[in-house]
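Each chain, letter by letter, is given below.
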Amino acid sequence: MTENTQQQPASVPELPTQYAPAEVEVPLYERWVERGYFTADATGSKPAYTIVIPPPNVTGSLHLGHAFQHTLMDALTRRKRMQGFEALWLPGMDHAGIATQNKVEQQLAEEGKSRQDLGRDEFVRRVWQWKEEYGGRILGQMRRLGDGVDWSRERFTMDEGLSRAVQTIFKRLYDDELIYRAERIINWCPRCLTAISDIEVEYQEDDGELVSIRYGEGEDSLVVATTRAETMLGDTAVAVHPDDERYKHLVGTHIKLPLTDRTIPVVADTHVDPEFGTGAVKVTPAHDPNDFAIGQRHGLESMTIMDERGVITVHGPFQGLDRFEARDAVVTALRSQGRIVAEKRPYVHSVGHCSRCGTTIEPRLSLQWWVKVEPLAKAAGDAVRDGRVAIHPEDLSKRYFDWVDNMHDWCISRQLWWGHRIPVWYGPDGEVVCVGPDEEPPAGEGWRQETDVLDTWFSSGLWPFSTLGWPEDTPDLRKFYPTDVLLTGHDIIFFWVARMMMFGLYAMDGEVPFKTIALTGLVRDERGKKMSKSFGNVVDPLDWMDKYGSDALRFTLARGANPGTDVPIGEDWVQASRNFANKIWNATRFALMNGATVEGPLPDASRMSAADRWILSRLNATVAEVDAYYEDFQFSKLSETLYHFAWDEVFDWYVELSKTTFFAGGEQARVSARVLGEVLDVMLRLLHPVVPFVTDTLWTTLTGGESLVVADWPTAVRVPGADTPGGFRDEAAEQEIELVQRVVTEVRRFRSDQGLQPGQKVPARLDLDGTALAPHEPAIRQLLRLQPEGEGFHATASLPVAGATVALDLSGTIDVEAERKRLTKDLAAAEKEKAQAEAKLGNEAFLAKAPDHVVDKIRTRLAAAEADIARIGNQLATLPQS
């Protein structure tokens, strides 16, 4: 009996005839939680295994991307728990600064109020109230999926402990001169009135206008092109490449800026591509990141021409206009002066939009707080290069290095009220004081705290250690840090993964936050298309869970999970996984009805049939394959392996081969019942991390054990009397059953070709003498619906296969002449198709003109026709002669 299998009760409860996930899953999950199966012990002696959940937004609900990654993380932790590890999968939520603030502001707008009406303190209280009433919907959905997380350790990025961690690390970074305040170009949302991170910018193809404008006069003029004509009001230079002969005579001179009374210099800068456009570019340092860099290199003035709402502020006819109104007005004014050289409309180009509200992002020079990332990013790169952290799949390491090796300083301030307020105070005489969590802020007249809050990614970057109690030296931190695996999508490797690496190495004195970064792809629809509300292909995973069960969704997602690659999914595939769960259920019911048991040791190998020894040998091969795939994060391959072992080898072959044994009864039936019990026990354990509900229900019924959640992970099965190093394997039995499979498969194919129904019985004579097939004749006849030959038997077809001969009498089962007529007609059609394809492929004129894909299609048609001719010819040859 497999280790930790409990004794089977004398009377096995009968399973319902059908599996009903809706009746099983919710109460079973609550039972797991109530029994404390997912609660980790920081004081125990078991080795630790830790995964921290990528914290979903408090505003969010479960989407297929969450369901996908949660399924894989759950599978990893469930398996490690079964292997004897103190497995901690730590849950929690992110406060989602902009998203949450927007939700509450929308709620206030419905009341005719704004956050300014409430004031900061009251508004923040209102957000906390919203969080308690509406936030965290996703946590209930995680329970529905079956997430085996430790709910007793649930964290929130704004809870007291994590807030202390944020203030602590800010203070340390500030004291180490790794946090500073400066004017830089940032992504600005004129609607949300805040800087936003790169990940919060969504790019889409917009219709715009590309206008070419002439600056200067006569031979000393230059032509520049722009899609944002209004920004010319803030131009402080025109740049050309230093090696561009066309403009060398202008470098160092000044030209008149149209629509203004200013002149601006012509500067030489290697950033300019002389092959693109005219080779001259306008430079607006306050409203473009590349222009800002040019301005820094050449000491140019940075002129801010619009306010935080995108309204023009420079004096003149455009003052007070919205940026888009000003764009049209500027072009009109330039056109009236004859300055427009060319216009292209519509001009489709990529434009950044705020992911929260859809507003077009405005690059803007702004005084913000920044992290100096150079030393932190170098440490994050070194940790991967020297092997302390492995990235899986390895080929995605290049993307990681591209990011950390070229990282720019990180803007961490946001102009919001909801979030971690920056712990800096400004004094009446220009003093700046950063305050740690145990320090009193300065008091007195004129002192004020910074109004900005920290970027959400700042607090989530502390997640692997702040959730375990840092900066305190807690038992959880000692036991469970560093974490083992970070499993996340490759799309946020830059924004979240790199930040956790930087902060973890900095805060934990060079100790990495996780040992492995396992990167997944993104979930797409069945055609491989991105899921988007605008495409109308977004699926609510709860709908599929309600319809097919959580196990079905989980298995579908795991089965598509190849490392680092996107995962297509469609409802048909979830339905197929539901069918798989039903198959497991029905096969286990059959096994229990026929005495399958885990009671007592396995019988000696000498008492087992070849089929018994074959399935145990295949079982051990499967255990080894699944273990290897888990260690390599090959969820798709391990799911495929388990699917084909369970459906093909256990259900379609072993159970079917054993039916004659069970029906006959006796000692051999008892041996096979014990073998079948062992196979199901191990198979259900192997399947459990991916499909936990149906497997736990079946396993507890089969074994009488407490729960698969706390059962042992299977190792190689040992068979008395025939054990080998690494577990029982029997190549001879595998070869013998492979012969049986060949015979059954070939005869089934022949029956299908002859148009026989699967259940239609046919008289047959089996010549198996001298082969390993002889003991299997009853099973072969059962599987193929072959009757004894009887009186008047006339062999109308003879099939030699695997050293044996199967003779069939089809005279009473098909209308031979009608079948011959049908096949002859099909043969003529195939020969005609072949002749037409050959004629086209033999026509040189056709081949010279036809596209490659057309020629390839005709070659495919020819190959198919030739295969049909061969197949139909064989069928005609095997028909009995009239």
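None of the values given here were measured: they were computed from a predicted structure.

Remarks on the overall build of the protein
Along its length, the protein carries 27 helices and 29 strands. Oriented by its inertia axes, the alpha-carbon framework of the protein measures out at about 115 × 80 × 55 Å. Taken over 882 residues, the protein has a buried fraction of 55%. The long-range fraction of contacts in the protein, counting pairs at least 24 apart against all pairs at least 6 apart in sequence, stands at 77%. Element-wise, carbon and sulfur atoms account for 48% of the exposed surface of the protein, whose accessible area totals about 38,300 Å². Within the protein, one finds 96 positive and 133 negative side-chain charges whose respective centroids are separated by 3 Å.

Focus: the confidence of the model for the protein
The share of residues in the protein with pLDDT of 70 or more is 98%, and the mean pLDDT across the chain is 92. Counted against residues more than four places away or in other chains, residues 1–10, with its pLDDT under 50, gives 40 contacts.

Side note on unusual backbone geometry
The residue after His392, namely Pro393, is reached through a cis peptide bond having omega 0°. With respect to the helices and strands, the residue Pro393 is situated in the loop between β15 (390–392) and α11 (397–404). Here the bond from Trp470 into Pro471 is cis, since omega is 15°, no more than 30 degrees from zero. Looking at the secondary structure, you find Pro471 in the loop between α13 (463–466) and α14 (475–480). One non-glycine residue, Glu177, lies in positive phi territory at about 60°. With respect to the helices and strands, Glu177 occurs in the loop between α7 (160–175) and β5 (179–189).

Re the packing of aromatic side chains
All chains considered together, the criterion is met by 27 aromatic pairs. Between Trp128 and Trp418, the aromatic rings sit 5.3 Å apart at their centres with planes inclined by 80°, giving edge-to-face as the arrangement. Remark: Trp418 occurs in the loop between β17 (413–414) and β18 (424–426) and Trp128 occurs in helix α5 (residues 120–134); sequence separation between them is 290 residues. Among the residues examined, Trp418 registers a relative accessible area of 0% and is labelled buried. One aromatic cluster is present, built from ring pairs that chain together Phe170, Tyr174, Trp369, Trp410, Phe458 and Phe503.

Re the pairing of strand β8 (residues 222–226)
In β8, alternate side chains face the same way, and those of Leu222, Val224 and Thr226 are buried while those of Val223 and Ala225 on the opposite face are not. Where strand β7 (residues 201–215) lies against β8, five bridges are found, and the strand directions are antiparallel. When the bridges of β8 are listed, Arg214 appears paired with Val223.

A closer look at the pattern of salt bridges
Should their charged atoms come close, side chains of opposite charge can pair. According to the stated counting rule, one finds 55 salt bridges in the structure shown. For Glu230, the salt bridge identified is with Arg327, shortest N-O distance 2.8 Å. One end of the pair, Glu230, is in the loop between β8 and β9 (237–240); the other, Arg327, is in helix α9 (residues 323–336), and 97 residues separate them in sequence. Relative accessible area serves as the criterion here: at 0%, Glu230 is assigned to the buried category.

Describing helix α17 (residues 550–559)
Counting buried residues in α17 gives nine out of 10 residues, a clear majority hidden from the surface. Every buried residue of α17 is accounted for by Ser550, Asp551, Ala552, Leu553, Arg554, Phe555, Thr556, Leu557 and Ala558.

Re the pairing of strand β29 (residues 804–808)
β29 sits mainly inside the fold: four of its five residues count as buried. As defined by bridge partners, strand β26 (residues 762–767) adjoins β29 across four bridges and the pair is classed as antiparallel. If you follow Arg765 over to β29, its bridge partner there is Ala807. Here strand β28 (residues 797–801) folds back onto β29, and the loop between the two strands holds two residues, one of which, Ala802, carries a positive phi near 55°.

Criteria and thresholds
Residues numbered from 1 in each chain as written. Predicted model: local features only at pLDDT ≥ 70, side-chain atom pairs only at ≥ 80, totals over all residues. Heavy atoms only, no water. Helix = DSSP H or I, 4+ residues; strand = E, 2+ residues; numbered from the N terminus. Buried < 20%, exposed > 50% of the residue type's maximum accessible area, 1.4 Å probe, protein only. Contact = heavy atoms within 4.5 Å. Areas by Shrake-Rupley, 256 points an atom, 1.4 Å probe, with all protein chains shown as cover. Lys, Arg positive; Asp, Glu negative; His and termini not counted. Charge placed at Lys NZ, Arg CZ, Asp CG, Glu CD. pLDDT = per-residue confidence, 0-100. Phe/Tyr/Trp six-rings, centres within 6.5 Å; stacked < 30°, edge-to-face > 60°. Pairing = 2+ DSSP bridges. Salt bridge = Lys/Arg side-chain N within 4 Å of Asp/Glu carboxyl O.

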